[in-house]
Amino acid sequence: MHSVDAGVLWITLNRPEAMNAVTWEQRERVIALLADASAEPAVRAVVLTATGRGFCAGADLRGGRDPGRERVPGDVARTIRRGAQRLIAAVLDCEKPVIAAVNGTAAGIGAHLAFACDLVLAADTARFIEVFVRRGLVPDGGGAYLLPRLVGPQRAKELMFFGDALGAADAERMGLVNRTVPEGELAAVAGEWAQRLAEGPTRALALTKQLVNASLDSERATAFAAEAAAQEINMTTRDANEGVASFVERRAPTYLGR
C-alpha cells in the first residue's frame, strides 16, 4: 500500500502473515511507484517500510515459473535480471531520496532492498540476514555489489559466507544502518527525516545521489567531471538560486523542488 503526505511517498509492504516476502505483483508495483516518484513534482522523498514483525523476508517464489515447464539454461539468470535486480535498481535509480524504515527482519533480497536505500533507519528489534548461503545459493538481488561498497569485502564475505543474523545495533556499527531507534519511534523518526528531505532542494539531492552512487565505480577524473557537470545543471534550478539568494540576504531558504 502507499500514500503521499506533505511531499513524502510512503510505500508499505503489507503481507505481515508472510513476513512481507515480496510477490511478483508487489515487486512490479514498488518498481512502478519509484519510477513515478522520480517524475512527480508532488513527491520529494520516499519512505519504504512494512507492517508486522518483518520488513521483508525475501522474494515469494510462488506464482513464478510455470511448474509444468522444464527449466532451460538461462532461465535463472533471466528471472534474477527481470526480478530482484530490477527492484534494487529501481531504488538506486529513483531521483528522490529513499529512506528504509526497517521495522523487523530483513532477509535475502529484503536486506538488499534496505541496503539499496539512501538512508537506513532500523528499529532496535530489526535483524539483517544474508540467508542465501543457508539455502546453498549465491547472493543475488545486488548483494555482492552493495555490501562490499558499504562495509568492505572482508565484512561482506563474513556476512555472506556464514549467513548469521545481524542485529540492528551491530548493523549500525558496521555502517549498514544510519541509525537504530526504539521500535515505537521508528515511524516518527522516519517521518521527521523524510520531511526534512521533502523540504530540501530536490534536484540538488537527486544530482548528489547520482554523483555518490556513480563515484563508487568511477576514477577521479570521471568523478570530478561529473561533479562539475552536475553543479552546472543544478545552477539552472530555482532552488539553487533561492539557496544562494537566501545566503546573501541572511534568511532561511524556501525550496520548492524546482
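Here, every reference points to the structure presented above.
One numbering rule holds for all chains: residues counted from 1, following each sequence as written. Reporting in this predicted model follows two pLDDT cut-offs: at least 70 for local features of residues, and 80 or more for side-chain atom pairs to be given and counted; totals over whole chains, interfaces and linings ignore these cut-offs and use all residues. For side-chain calculations, the full set of non-hydrogen atoms in the structure is used, while hydrogens and water are omitted.

S.K.: Which parts of the structure should I look at to understand the environment of A39?
M.R.: Strands are runs of DSSP state E lasting at least 2 residues, helices are runs of H or I lasting at least 4, and numbering of each runs from the N terminus. Locating A39 in the fold gives a position in helix α1 (residues 24–39). By relative accessible area, which is 64% here, A39 ends up exposed. Put simply, A39 and A229 are 190 residues apart on the chain and 21 Å apart in space, counted from C-alpha to C-alpha. Relative accessibility decides the category of a residue: with a 1.4 Å probe and only protein chains considered, values under 20% of the type maximum give buried, values over 50% give exposed, and everything between is partly exposed.

S.K.: What am I meant to see in the layout of surface pockets here?
M.R.: Unoccupied space between atoms shows up once a probe the size of one water molecule is rolled over them. The rule is simple: put a 1 Å grid over the protein atoms alone, call a set of points where a 1.4 Å probe fits but cannot get out a cavity, call an open set with protein on both sides within 12 Å along at least five of seven lines a pocket, and count a residue as lining if it has an atom within 4 Å of a point. Grid points are joined across faces, edges and corners, and a volume is the space filled by probe spheres set on the points. Its boundaries defined by the atoms lining it, the second largest pocket holds a volume of some 600 Å³. If you trace the second largest pocket, you find 25 residues lining it, with A116, C117, D118, V212 and N213 closest to the centre. Elements with a minimum of two residues in the lining of the second largest pocket: α3 (84–93), β7 (119–123), α5 (143–151) and α9 (202–215). Considering every element that reaches the lining of the second largest pocket, the biggest residue donor is α9, with five residues. For the lining of the second largest pocket, the residue count by class is 17 nonpolar, four polar and four charged. Note that Gly is not counted as nonpolar here; it falls among the polar residues with everything else outside the nonpolar set of Ala, Val, Leu, Ile, Met, Phe, Trp, Tyr, Cys and Pro and the charged set of Asp, Glu, Lys and Arg.

S.K.: Help me out: how do you make sense of the packing of aromatic side chains in this one?
M.R.: Given two aromatic rings, one states the distance between the centres and the angle between the planes to describe the pair. Within 6.5 Å between ring centres, the rings of Phe, Tyr and Trp (the latter by its six-membered ring) count as paired, and their orientation is classed by plane angle as stacked under 30 degrees, edge-to-face over 60, tilted in between. All told, the structure shown has one aromatic pair when counted by the stated rule. The interplanar angle of 25 degrees and the centroid separation of 5.4 Å between the aromatic rings of F115 and F128 together place this pair among those described as stacked. Residue F115 is located in helix α4 (residues 109–115), and its partner F128 is located in strand β8 (residues 127–129); the two are separated by 13 residues in the primary sequence. Each member of the pair, F115 as well as F128, is classed as buried. Put simply, a charge is over a ring when the Lys NZ or the Arg CZ is close to the ring centre, within 6 Å, and near the line of the ring normal, within 35 degrees. Its end group placed over the ring of Y145, R149 keeps NZ or CZ at 3.8 Å from the ring centre. A cation sits over an aromatic face here: R220 above F224, 5.9 Å from the ring centre.

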